[in-house]
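Here is how the chains run, residue by residue.
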Amino acid sequence: PAANPTITLPGAAGRAGTAPAGNPKLLLAAILLAVLAVVLVNLYVAATKQSIDESEFPVFRLLVSKSPGQRLEARDVEAVAMPEKFEDSFVGAVGANDQGQPLRLGDVFTRPAEPLDFLMERHFDEFAEDESRLLIKKGWRGKALRVDPQSLPDPLRPEMYVDIEAPFRGPGGQVQVWPVMERVRVVAVGQRSIVDEQRTGVTGGGVTKITLEVRPDEASQLEALETIVAGNFRVHLRRADDLERPKIPDEGVNPDLLQMVTY
């Protein structure tokens, strides 16, 4: 049989097996569109990242436990970025300096802190919100003395001023009452301070101990006298505006008593 005739369409010659020639203008436009798309995507990513960064704030989480008296070191904490919507929950949190480190770096802890605790300003405060912590002036000490309850004047309350005396044995073994200190401020009577009384309106009863505000060296001297006292200390109440010291002209512990002890 005769072979099927081949039909050739007009214009098909020269196209079979040959890719059509591209339009240079269209190719350039496609390249420009691709570049523009990449640029726009990068700009979007950068804008999104900046938006996220601006809506966060840094806080610091402890990696170790810290005790009062220890200093904060950079290795003790890790920075944590918190969403801005939680900022109200971190009032009082320690912020960051320009180097991204906590502003309290090198400061001394005044409260204990545990691992995973967020670093707060209260860890470093001086107990400004706790009045009972402010009873003793800076540079002074609170010294507790065991007292003869029969010698306590009525009333004896915190913030009053007293003279302190106590019995001591002389060289011959005889007991003699000596003046110990004059015009000393009372900060607590028994277990109750002036803050406790202000809060509850209740005064202490059955008192056998009072706390006095004294200088550090005086606290040590009273500790030494407690080792040789022949009984409990005795208390004489005086007016706060009475500045006289008739028995011990110089302030502090009776120097004659200090010759009896080594401290």
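**Focus: the pattern of salt bridges**
Following the criterion strictly, the structure yields 17 salt bridges and no others. One salt bridge connects K137 with E213, and the closest N-O pair in it is separated by 2.6 Å. One end of the pair, K137, is in the loop between β2 (77–83) and β3 (141–146); the other, E213, is in strand β7 (residues 209–214), with 76 residues separating them in the sequence. Residues joined in a network through salt bridges with shared partners are K137, E159, R185 and E213.

**Thoughts on the environment of D125**
Note that D125 resides in the loop between β2 and β3. On the basis of relative accessibility, which here comes to 17%, the residue D125 falls in the buried class. Distance in space between the C-alpha atoms of D125 and V108 is 9.3 Å, their sequence separation being 17 residues. Not counting residues up to four positions away in its chain, the partners in contact with D125 are T110 and R111.

**What about the environment of D242?**
Its place among the elements puts D242 in the loop between β8 (234–238) and α4 (255–258). There is a polar contact of 3.1 Å between the side chain of D242 and the backbone nitrogen of E244.

**A word on unusual backbone geometry**
Note: most residues except glycine have negative phi, and most peptide bonds are trans. D154 connects to P155 through a cis peptide bond whose omega is 5°. Mapped onto the elements of the fold, P155 is located in the loop between β3 and β4 (161–169). The backbone phi angle of L116 is positive, close to 80°, even though this residue is not glycine. Within the secondary structure, L116 sits in the loop between β2 and β3. Here the phi dihedral of E159 falls at roughly 85°; this positive angle occurs in a residue that is not glycine. You can see E159 is positioned in the loop between β3 and β4.

Conventions used here
- Residues numbered from 1 in each chain as written.
- Predicted model: local features only at pLDDT ≥ 70, side-chain atom pairs only at ≥ 80, totals over all residues.
- Heavy atoms only, no water.
- Salt bridge = Lys/Arg side-chain N within 4 Å of Asp/Glu carboxyl O.
- Helix = DSSP H or I, 4+ residues; strand = E, 2+ residues; numbered from the N terminus.
- Buried < 20%, exposed > 50% of the residue type's maximum accessible area, 1.4 Å probe, protein only.
- Contact = heavy atoms within 4.5 Å.
- Polar contact = N/O pair within 3.5 Å; in protein donor to acceptor, adjacent residues only side chain to side chain.

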